[in-house]
Amino acid sequence: MTKGAVYCLGPLVLDRILTVDDLPGHDEKAFIKEKDERAGGPPLNCAFALSRFGEDARLVSTIGDDGDGTKLMQWLADHDLSTEAVEVEADAATASALIIVDRTGEKAILIDPMRIEALEAIGTKVELQPGDTVIANLFHPEAVAAIFARAEPLGLSRMIDLELPEIERWGWDALERVLPQTDIAVTNRQMLEAWMKRNSVTADLEDAASTLAQTLVEKGAGRAIVTLGAEGLIAFADGAVQTVTALKVRPKNTTGAGDVFLAGLATALRRGSAFERALRQATACSAHFLETGKCEYDKAAERLRDRENAVS
């Protein structure tokens with residue numbers, strides 16, 4: 001285990017997962033094949049993966065004092081995840097999500113969020129130390145900017161996961177408040193396509209991803225990554241564009257794959273990998289998770305070495 005803790009900030013969510021053959025289209029119906037219920041949300045998924053990678057992961061969140069909150073606390077205890085930084089908010093409803101997953105692993109997600117006042121307090125009680133890492137999604141722009149601002153003077157890595165639902169909630173201008181305190185900004189294809197539509201960008205996907213990554217850096221991020229699923233990723237760091245191809249997999253379920261990527265990236269960087277190597281390791285961690293449903297850093301590294309040996 002490396003020195004310091006990894007703090008994963010954001011809403012803790014009760015996921016209700018429904019499995020179907022095919023995702024229903026507009027005004028269509030589908031029969032439910034399986035049902036499951038588990039703790040979820042980007043910070044939980046990331047913290048869980050980090051803990052399995054051998055890192056000291058600390059989930060920082062808030063839940064309501066209700067039945068869903070009780071289920072979440074029990075799930076965390078059952079999976080040996082710390083609950084010391086999870087605040088219980090009286091008279092508040094715990095966030096939840098309905099996730100519909102088809103037989104190919106593709107999904108649709110409906111989110112019932114936590115109230116804004118509860119989100120604003122996430123992270124205010126965290127006492128950061130040298131060697132820590134801070135990872136957050138854009139759950140509340142001012143709250144994220146505040147903890148990043150506290151982490152920066154300590155020289156801590158500060159990673160933000162930018163996803164479209166949060167941008168739709170807070171607005172694109174929210175990026176201006178967070179990126180100047182951000183070390184690494186990570187976003188995905190859904191965000192890219194929304195950004196292309198918003199800015200009338202007609203370039204091909206890779207060129208557009210490169211432009212978006214550079215734009216995030218111009219707005220203040222130290223480095224930026226745009227993940228493209230099966231097409232790999234585009235990153236911009238130290239004035240140069242970097243491309244990493246995806247490993248070929250047959251995904252069981254894509255839910256949480258982006259969070260495992262973040263966990264793999266943070267772990268690789270904390271263990272001394274150069275940025276480009278860390279990108280490749282993170283990609284392998286995500287691919288291994290997609291195919292097996294498991295968070296196994298060493299086995300993902302083996303998978304990466306096997307591919308590199310095959311190419312060479």
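Preceding this paragraph is the structure being described.
Below is a summary of the structure that appears in this document. Because the structure is predicted, anything quoted here is derived from the model rather than measured.

Points about helix 9 (residues 257–270)
Between the first and last C-alpha of helix 9 there are 20 Å, a value that for 14 residues agrees with the 20 Å anticipated at 1.5 Å per step. Of all 14 residues in helix 9, twelve are buried; the element is thus mostly enclosed. Considered for burial, the residues of helix 9 that qualify are Ala257, Asp259, Val260, Phe261, Leu262, Ala263, Gly264, Leu265, Ala266, Thr267, Ala268 and Arg270. A positive backbone phi angle near 100° is found at glycine 272, which sits one or two residues after helix 9.

Brief notes about the pairing of strand 5 (residues 86–89)
As paired strands, strand 4 (residues 57–64) and strand 5 are joined by four bridges and run parallel to one another. Bridged to isoleucine 63 within strand 5 is valine 88.

A closer look at the packing of helix 9 against helix 10 (residues 275–292)
Running from N to C, helix 9 and helix 10 cross one another at 140°; their axes reach a closest spacing of 7 Å. Taken as axis vectors, helix 9 and helix 10 run oblique relative to one another. Here helix 9 and helix 10 pass one another in a crossing that is right-handed. Taken together, the residues of helix 10 that come into contact with helix 9 (itself represented by Ala257, Val260, Phe261, Gly264, Leu265, Ala268 and Leu269) are Phe275, Ala278, Leu279, Gln281, Ala282, Thr283, Cys285, Ser286, Phe289 and Leu290.

Remarks on the layout of surface pockets
If you add up the space inside the second largest pocket, you get close to 570 Å³. Around the second largest pocket, the lining is made up of 24 residues, and of these Ile17, Asp36, Arg38, Asn253 and Thr255 lie nearest the centre. Sorting elements by how many residues they give to the lining of the second largest pocket places strand 3 (residues 34–40) first, with four residues.

A short note on the state of the cysteines
All chains considered together, the criterion is met by zero disulfides. For the unlinked cysteine cysteine 46, the closest cysteine sulfur is that of cysteine 8, found at 4.1 Å. Unpaired in this structure, cysteine 285 has its nearest cysteine sulfur neighbour in cysteine 295, at a distance of 8.4 Å. A relative accessible area of 2% places cysteine 285 in the buried class.

Topic: the sheet that holds strand 5
Spatial strand order, 5-4-1-8-9-10-11-12-13: nine strands in an open sheet with mixed pairing. Only two strands of the sheet have a single neighbouring strand rather than two, namely strand 5 and strand 13 (240–244). The average angle at which neighbouring strand axes cross in this sheet is 15°, direction not considered. Note that strand 8 (residues 133–137) and strand 9 (residues 157–162) share five bridges and pair parallel. Directly across from valine 134, in strand 9, lies its bridge partner arginine 158. Lying over the sheet, helix 2 (residues 67–78) contacts strand 4 and strand 5, oriented at roughly 165° with respect to strand 4.

A look at the environment of proline 251
You can see proline 251 is positioned in the loop between strand 13 and helix 9. The class for proline 251 is partly exposed, based on a relative accessible area of 30%. C-alpha separation for the pair proline 251 and threonine 104, spaced 147 residues apart in sequence, amounts to 6.9 Å. Among residues more than four places away in sequence, those in contact with proline 251 are Thr104 and Leu290.

Quick notes on empty space enclosed by the protein
One pass over the structure, following the stated rule, counts one cavity of 30 Å³ or more. In this structure, the largest cavity encloses a volume near 50 Å³. Cys8, Leu9, Pro42, Pro43, Cys46, Ile135, Ala136, Asn137, Asp161, Asp259 and Leu262 together form the lining of the largest cavity.

Remarks on the sheet that holds strand 7 (residues 107–112)
Spatially, the four strands line up as an open sheet ordered 3-2-6-7, and their pairing is mixed. The sheet is open, and its two edges are formed by strand 3 and strand 7, each paired on a single side. Averaged over all adjacent pairs, the angle separating strand axes in this sheet is 20°, with direction ignored. Both strand 6 (residues 95–101) and strand 7 contribute to a ladder of six bridges, which runs antiparallel. Pairing of valine 101 across the sheet is with lysine 107, part of strand 7. Its contacts with the sheet put helix 2 on strand 2 (13–19) and strand 3, and the angle it makes with strand 2 is roughly 90°.

Focus on helix 2
Compared with an ideal rise of 1.5 Å per residue, which puts twelve residues at 16 Å, helix 2 spans 17 Å between its outermost C-alpha atoms and is within 8% of the ideal. Residues of helix 2 that are buried make contact with strand 2, strand 3, helix 1 (42–52), strand 4 and strand 5.

Overview of the pattern of salt bridges
Tallied over the full model, the rule gives 19 salt bridges. Across the pair lysine 125 and glutamate 87 runs a salt bridge, and its minimum N-O distance is 3.7 Å. Here glutamate 87 lies in strand 5 and lysine 125 lies in the loop between helix 3 (116–120) and strand 8, a separation of 38 residues in the sequence. Among the ionic pairs, glutamate 89 bridges to arginine 115, the shortest N-O distance being 3.7 Å. Remark: arginine 115 occurs in the loop between strand 7 and helix 3 and glutamate 89 occurs in strand 5; sequence separation between them is 26 residues.

Each value, and the rule that gives it
Residues numbered from 1 in each chain as written. Predicted model: local features only at pLDDT ≥ 70, side-chain atom pairs only at ≥ 80, totals over all residues. Heavy atoms only, no water. Helix = DSSP H or I, 4+ residues; strand = E, 2+ residues; numbered from the N terminus. Expected span 1.5 Å × (residues − 1). Buried < 20%, exposed > 50% of the residue type's maximum accessible area, 1.4 Å probe, protein only. Pairing = 2+ DSSP bridges. Axes fitted to C-alpha atoms, helices over the stretch in contact; angles between N-to-C directions. Parallel < 35°, antiparallel > 145°, perpendicular 65-115°, else oblique. Left-handed = near helix turned anticlockwise from the far one by under 90°. Contact = heavy atoms within 4.5 Å. 1 Å grid on protein atoms, 1.4 Å probe; cavity = no way out; pocket = protein on both sides within 12 Å on 5 of 7 lines; lining within 4 Å. Points joined across faces, edges and corners; volume = space filled by probe spheres on them. Disulfide = S-S within 2.5 Å. Salt bridge = Lys/Arg side-chain N within 4 Å of Asp/Glu carboxyl O.

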